[in-house]
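# Observations on the model geometry
Residues per chain, in single letters:
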2 protein chains.
Amino acid sequence: MKAIVRVRLKRDVLDPQGDAVKRALDHLGFEGVKGVRVGKLIELELDPALATAPDLEQRLRVMADEMLANTVVEDYEVELVS
Amino acid sequence: MKAIVRVRLKRDVLDPQGDAVKRALDHLGFEGVKGVRVGKLIELELDPALATAPDLEQRLRVMADEMLANTVVEDYEVELVS
């Protein structure tokens, strides 16, 4: 089983990386892109013991809170993928 | 309109960042995570002119090929979000 954690900068936080990508797209002549935000796509391969734990989602949230996301400036979503 | 480009390392490419995250999770006592892969979640805000272009998906693929992904070691998926 796999879990996907999507980590994004909070809406009101500046995204220098996204801005750099946008400038590069403009520079390469790609028109029509008003803004770019860059986040993390973290895929966790889970072993069966964890995958079947009743509190799996909760444990994933604790991992995200403590390690995968900086919750001061980032939000995250957890998705389970069988 | 928004487009999401998910960029992942190709399956057979080593992921030092993912390995570092896994070691940290182990170190913090999170059991049951067999592997971690870290990718990019790129969100593009599109202006109406581009959003309604008949070749929008093709133009996004060219952006990904030329700029958003390193196609030597990365794969990508493009998704349109209204």
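Predicted, not measured: the structure shown is a model, and the values here were computed from it.

Taken residue by residue, the interface counts 31 residues in chain B and 31 residues in chain A. In total, chain B and chain A occlude about 2,900 Å² of area from one another, counting both sides; carbon and sulfur atoms represent 66% of this. Counting across the interface, chain B meets chain A through two salt bridges. Among the salt bridges present, the one from Glu43 of chain B reaches Arg8 of chain A, with a minimum N-O distance of 2.7 Å. Scanning the region where chain B abuts chain A turns up twelve residue pairs in polar contact (both at pLDDT 80 or more). In the side of chain B that touches chain A, the residues fall into 17 nonpolar, three polar and eleven charged. Across 13 bridges, the pairing between strand 2 (residues 33-46) of chain A and strand 2 (residues 33-46) of chain B is antiparallel. Bridged to Lys40 of chain A within strand 2 of chain B is Lys40 of chain B.

Turning our attention to the sheet that holds strand 1 (residues 2-9) of chain A. Across the sheet, which stays open at both edges, the six strands sit in the order 3(A)-1(A)-2(A)-2(B)-1(B)-3(B) with antiparallel pairing between neighbours. The two strands at the open ends of the sheet, each matched to only one other strand, are strand 3 (74-81) of chain A together with strand 3 (74-81) of chain B. Adjacent strand axes in the sheet meet at a mean angle of 20 degrees when their direction is disregarded. Of the strand pairs in this sheet, strand 1 (residues 2-9) of chain B and strand 3 of chain B are connected by eight bridges, and their pairing is antiparallel. Bridge assignment links Arg8 of chain B to a residue of strand 3 of chain B, and that residue is Asp75 of chain B. Contacting strand 1, strand 2 and strand 3 of chain A together with strand 2 of chain B, helix 3 (residues 56-68) of chain A crosses the sheet at an angle of about 145 degrees to strand 3 of chain A. Its contacts with the sheet place helix 3 (residues 56-68) of chain B against strand 2 of chain A together with strand 1, strand 2 and strand 3 of chain B, and it is angled at close to 145 degrees to strand 3 of chain B.

Criteria and thresholds
Residues numbered from 1 in each chain as written. Chains lettered and ligands numbered in written order. Predicted model: local features only at pLDDT ≥ 70, side-chain atom pairs only at ≥ 80, totals over all residues. Heavy atoms only, no water. Contact = heavy atoms within 4.5 Å. Buried area = accessible area lost by both parts, 1.4 Å probe. Salt bridge = Lys/Arg side-chain N within 4 Å of Asp/Glu carboxyl O. Polar contact = N/O pair within 3.5 Å; in protein donor to acceptor, adjacent residues only side chain to side chain. Nonpolar A, V, L, I, M, F, W, Y, C, P; charged D, E, K, R; others polar. Pairing = 2+ DSSP bridges. Helix = DSSP H or I, 4+ residues; strand = E, 2+ residues; numbered from the N terminus. Axes fitted to C-alpha atoms, helices over the stretch in contact; angles between N-to-C directions.

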